[in-house]
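# Reading the structure
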Amino acid sequence: MLSFEDLLTEWSRQHSPFQLAYSNQYRSAIFFSNEEEQKIAEEFCEELSAMYNGIKVYSRVEPMTSFYQAEEYHQHYLAKAMGRFAI
């Protein structure tokens, strides 16, 4: 099982937290379930920014709330779109 810190590290490798979202639905976020995770996430973002010479991390650190799964046509997007992308 991954620790919260390991999850954050992998998260930072999978996408760029330095990019400002052009719409709220595309924003980047880290969701925490308790105060300890909140502190870890906030410190992680500060360290990430420092590692990249102070570039602003736009990802928000927010409490975990209800989760709603996307519609079926959004599921397994890359698998469905193979051939349209050069990966």
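Definitions and limits used
In every chain, residue numbers begin from 1 and rise along the written sequence. Two thresholds apply to this predicted model, a pLDDT of at least 70 for residue-level local features and 80 or more for giving and counting side-chain atom pairs, whereas whole-chain, interface and lining totals are computed over all residues. Water and hydrogen atoms play no part in the side-chain values, which are based on all heavy atoms of the structure. Type-normalised accessible area, obtained with a 1.4 Å probe on protein chains alone, sets the label of each residue: buried when under 20%, exposed when over 50%, and partly exposed for intermediate values. Only DSSP runs of H or I with at least four residues qualify as helices, and only runs of E with at least two residues qualify as strands; both kinds are numbered from the N terminus onward. In this description, the arc belongs to the directions extending from the helix axis to the C-beta atoms. Note on definitions: salt bridges are taken to be side-chain nitrogens of Lys or Arg within 4 Å of carboxyl oxygens of Asp or Glu. Residues are treated as being in contact if the distance between any of their heavy atoms lies within 4.5 Å. In this scheme, strands are said to pair when DSSP sees at least two bridges between them. We define a nonpolar core as any set of buried Ala, Val, Leu, Ile, Met, Phe, Trp, Tyr and Cys residues linked to one another through side-chain atoms lying within 4.5 Å. N or O atoms within 3.5 Å of each other form a polar contact, as long as, within protein, one can give a hydrogen and the other can take it, and as long as residues adjacent in sequence are counted only when both atoms are side-chain atoms.

## Topic: helix α1 (residues 4–14)
Buried residues of α1: Phe4, Leu8 and Trp11, and no others. All buried residues of α1 lie within an arc of 60° about the axis, which places them on one face of the element.

## Thoughts on the pattern of salt bridges
Opposite charge on two side chains allows them to pair when their charged atoms are near. Under the criterion given, the structure shown has four salt bridges. The residue arginine 60 makes a salt bridge to glutamate 62 at a minimum N-O spacing of 3.3 Å. Since its relative accessible area comes to 16%, glutamate 62 is described here as buried. Ionic contacts of the salt-bridge type, sharing partners, join the residues Arg27, Arg60 and Glu62 into one network.

## Section: the environment of phenylalanine 18
With respect to the helices, strands and loops of the structure, phenylalanine 18 is situated in the loop between α1 and β1 (29–32). The spatial distance from the C-alpha of phenylalanine 18 to the C-alpha of valine 57 is 4.7 Å, given a sequence separation of 39 residues. If we ignore the near neighbours within four places in the chain, the residues touching phenylalanine 18 are Leu48, Tyr52, Ile55, Lys56, Val57 and Tyr58.

## Remarks on the pairing of strand β2 (residues 60–63)
Relative to β2, β1 runs parallel, the two sharing four bridges. Bridging across to β2, alanine 29 finds its partner in arginine 60.

## A look at the nonpolar core
A general tendency of soluble globular proteins is for nonpolar side chains to be buried together. Of all hydrophobic cores here, the largest spans 11 residues; its members are Phe4, Leu8, Trp11, Phe18, Ile30, Ile40, Ala41, Phe44, Cys45, Leu48 and Val57. Secondary-structure elements contributing two or more residues to this core are α1 and α2 (35–51). It is α2 that provides the largest number of residues to this core, a total of five residues.

## Topic: the side chain of serine 28
By the secondary structure assignment, serine 28 is in the loop between α1 and β1. Within the local environment of serine 28, its side chain forms a polar contact with the side chain of histidine 15, the two groups lying 3.4 Å apart.

## Remarks on the side chain of glutamate 62
Mapped onto the elements, glutamate 62 comes out in strand β2. Apart from the residues lying within four places of it in its own chain, the contact partners of glutamate 62 are Arg27, Ile30, Phe31 and Phe32.

## Digging into unusual backbone geometry
A positive phi angle, near 55°, is found at asparagine 53, a position not held by glycine. Assignment of secondary structure puts asparagine 53 in the loop between α2 and β2.

## Side note on the environment of proline 63
Position of proline 63 among the secondary structure elements: in strand β2. Taking the C-alpha atoms as reference, proline 63 lies 9.8 Å from alanine 29; in sequence the two are 34 residues apart.

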